[in-house]
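In case you want the letters, here they are:
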Amino acid sequence: MEMAEIGEEFEDQRFFTCIGRDGKVFDELKYVWLQGRQVWMYCRLYRTMDRFHKPEILEAAKAGGTFLRKFARIMGSGGQWKCAFCLTREGKAVKIQRTIFSECFYVMAMDELSRATGDTDMQLEAEQMMEQLIYWVQVDSSGLGRPHLPGDVPTNSMAVPMMLLCLVQQITEGRGQKVAEKYRDLGNWCVQQILQHVQRDGTAVLENVSFDGTELQGCQGRLQNPGHALEAGWFLLQYSTQWGDKELQKTAISKFVEVPYQSGWDKEHGGLFYFLDVDGNCPTQLEWSMKLWWPHCEALVAFLMAYQQTKKPELLDMFSQVYEYTFNHFPDAENGEWFGYLTQEGKVALDFKGGPFKGKNTFRSIKLLDLMGC
């Protein structure tokens with residue numbers, strides 16, 4: 001994003017994310033998890049990269065943070081705070097999801113903004129929301145608003161412990177040993193929950209398993225998401241580095257980086273499939289064969305981090321293959337930014353640059369820049 005665009009975007013404390021190919025806004029709804037990512041990105045750039053240590057970057061982050069603090073949180077059932085999924089341009093809640101992910105990115109935004117500004121109130125807000133998330137995940141999920149139905153099988157969805165582990169790393173980073181120890185049990189719990197998804201004698205990572213770590217029946221149980229597995233892989237690599245766990249490092253690379261790549265790479269057209277069925281059936285997700293931007297970002301980070309830690313040349317070769325596909329297919333040479341959604345053959349399927357689920361290339365792009373020493 002150009003600096004001039006930042007000023008235009010936060011005049012009324014807003015970030016538009018529904019951006020067409022030509023850069024024009026096609027929907028003024030504001031999606032909270034993308035707002036949180038945008039705030040996190042500006043703060044991280046401002047704090048960690050000299051060329052982005054500019055007043056306008058910090059002001060953009062502060063404006064986005066003000067908007068989130070004022071409008072994102074909504075009092076839910078039982079006096080528990082929830083974050084809306086999307087808001088109107090003015091900040092009125094439109095929709096709430098029965099998940100934890102808007103709240104997760106609220107935590108990331110507030111924690112990173114507290115680091116950039118020195119505002120301890122924001123750090124406290126991040127920690128308070130984190131405690132709410134832990135309660136929903138480990139104690140009582142009723143505050144999320146999901147009814148308990150008699151035929152619904154309790155499920156360990158990998159996205160939940162994976163995202164909590166990301167938050168543990170965010171909140172504890174650079175805060176000292178005392179804070180690290182406070183969240184260590186939670187981090188270890190997240191790791192064990194993620195490892196349950198290694199199934200079929202270590203040959204597959206499944207997206208959903210039962211609470212006791214066994215394979216589920218049907219399409220839900222056979223579902224694979226290569227991008228999520230790769231993302232979990234580099235989260236595990238970071239955690240293994242933090243605590244000096246060499247066995248976890250080996251598992252992260254062999255099971256969550258190499259295996260999803262081997263099964264998820266399209267050998268005919270290149271790129272990573274979005275979803276797969278472990279038994280080779282056609283997945284029920286209509287977009288299963290598409291190539292999306294974010295799994296490739298996760299793969300780039302995972303392979304480069306794995307190579308950085310091991311210096312194994314085959315990991316660098318895999319990185320290079322993903323890099324070549326990614327930068328030959330997703331960037332828009334004419335109008336800038338990236339396309340997000342390609343056909344299986346690698347042609348642009350949806351030409352908008354941002355929507356309800358795609359924002360700026362934020363978290364993963366910054367991590368990749370950090371790994372590459374840029």
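Quick caveat, the model's predicted, so the values are computed rather than measured. Every chain's residues receive numbers from 1 upward, in the order its sequence appears when written. Local features in this predicted model are restricted to residues whose pLDDT is 70 or higher, and side-chain atom pairs enter the listing and the counts only when it is 80 or higher, whereas totals over whole chains, interfaces and linings include all residues. Excluding hydrogens and water, the side-chain values take into account all heavy atoms of the structure.

Participant: Whenever I open this one, the side chain of His296 confuses me. Can you help?
Facilitator: Within the secondary structure, His296 is located in helix H12 (residues 293-310). Residue exposure (1.4 Å probe, protein chains only): buried if accessible area is under 20% of the type maximum, exposed if over 50%, otherwise partly exposed. We classify His296 as buried; its relative accessible area is 0%. With near-sequence residues (within four places) excluded, His296 lies in contact with Gly271, Leu272, Lys291, Val322, Tyr325, Thr326 and Phe330. Secondary structure elements are taken from DSSP: a helix is a run of H or I of four residues or more, a strand is a run of E of two residues or more, and numbering for both begins at the N terminus. Working rule for contacts: check all heavy atoms of both residues, and any pair within 4.5 Å makes them a contact.

Participant: When you look at the domain arrangement of the chain in this model, what are you seeing that I'm missing?
Facilitator: How large an interface is tends to be reported as the accessible area lost when its parts come together. Each domain span listed reflects an automatic or database assignment of domains. Assigned domains within the chain: domain 1 (13-144) and domain 2 (155-373). Once you take the C-alpha centre of each, domain 1 and domain 2 turn out to be 22 Å apart. Domain 1 puts 37 residues into the contact, and the matching count from domain 2 is 35 residues. Take the accessible area each of two parts loses on contact, using a 1.4 Å probe, and add the two losses: that sum is the buried area. Together, the buried faces of domain 1 and domain 2 total about 3200 Å²; carbon and sulfur atoms form 66% of this surface. Area buried by domain 1 at its contact with domain 2 is led by Arg21, Arg115 and Met130, which between them contribute 21% of it. Counted as salt bridges are all cases of a side-chain nitrogen of Lys or Arg within 4 Å of a carboxyl oxygen of Asp or Glu. In this assembly, domain 1 and domain 2 are joined by three salt bridges. Between Arg44 and Glu173 there is a salt bridge, with the nearest N and O atoms lying 2.9 Å from each other. Any pair of N or O atoms that falls within 3.5 Å is considered a polar contact. Within protein, one atom must be able to donate a hydrogen and the other to accept it, and sequence-neighbouring residues count only if both atoms are side-chain atoms. Where domain 1 meets domain 2, there are 15 residue pairs in polar contact (both at pLDDT 80 or more).

Participant: What should I look at first to understand the sheet that holds strand S15 (residues 341-342) in this one?
Facilitator: Adjacent strands of a sheet pair through backbone hydrogen bonds, lying either parallel or antiparallel. Strand order in the open sheet made by the three strands is S14-S15-S16, with antiparallel pairing throughout. Looking at the sheet topology across the chains shown, the edges are occupied by strand S14 (291-292) and strand S16 (348-350). We call two strands paired when DSSP finds no fewer than two bridges between them. Note that S14 and S15 share two bridges and pair antiparallel. Bridge assignment links Lys291 to a residue of S15, and that residue is Leu342.

Participant: Just checking my understanding: could you explain the packing of aromatic side chains for this structure?
Facilitator: Aromatic ring pairs: the centre-centre distance and the angle between the two ring planes describe each pair. Ring pairs shown here join Phe, Tyr and Trp side chains whose ring centres sit within 6.5 Å, with only the six-membered ring taken for Trp; geometry is labelled stacked below 30 degrees between planes, edge-to-face above 60, and tilted in between. The full count for this structure, using the stated rule, is 23 aromatic pairs. With 6.3 Å between their ring centres and 75° between their planes, Tyr325 and Phe330 make a pair best called edge-to-face. The same class applies to Tyr325 as to Phe330, namely buried. An aromatic cluster is defined as three or more aromatic residues linked by ring pairs; in this entry it consists of Tyr261, Trp265, Phe303, Phe319, Tyr323, Tyr325, Phe327, Phe330 and Trp338. The criterion for a charge sitting over a ring is simple: Lys NZ or Arg CZ within 6 Å of the ring centre, and within 35 degrees of the ring normal. In this structure, Arg184 packs its charged tip against the face of Trp243, placed 3.7 Å from the ring centre. Here the guanidinium or amino end of Lys358 rests over the ring plane of Trp293, the centre of that ring lying 5.7 Å away.

Participant: Whenever I open this one, the pattern of salt bridges confuses me. Can you help?
Facilitator: Any two side chains of opposite charge can pair, given that their charged atoms come close. Here the structure, examined in full by the defined rule, presents 19 salt bridges. Ionic pairing is found between Arg47 and Glu112, a salt bridge with its closest N-O pair at 2.6 Å. Of this pair, Arg47 sits in helix H2 (residues 32-48) while Glu112 sits in helix H4 (residues 101-117), placing them 65 residues apart in sequence. Note on Glu112: relative accessible area 0%, which makes it buried. For Asp332, the salt bridge is made with Lys353, and the minimal N-O distance between the two is 2.8 Å. Placement of the pair is Asp332 in the loop between helix H13 (313-329) and S15 and Lys353 in the loop between S16 and helix H14 (363-372), with a sequence separation of 21 residues. A relative accessible area of 6% places Lys353 in the buried class. Linked through salt bridges whose partners overlap, the residues forming this network are Arg44, Arg47, Glu112 and Glu173.

Participant: How should the sheet that holds strand S3 (residues 30-31) be read in this particular structure?
Facilitator: One open sheet accounts for three strands, arranged S3-S6-S7; its pairing is antiparallel. Taken across any chain shown, the strands that pair with only one partner, and hence form the sheet edges, are S3 and strand S7 (93-95). As paired elements, S3 and strand S6 (residues 86-87) share two bridges and run antiparallel to each other. Looking across to S6, one finds that Lys30 is bridged to Leu87.

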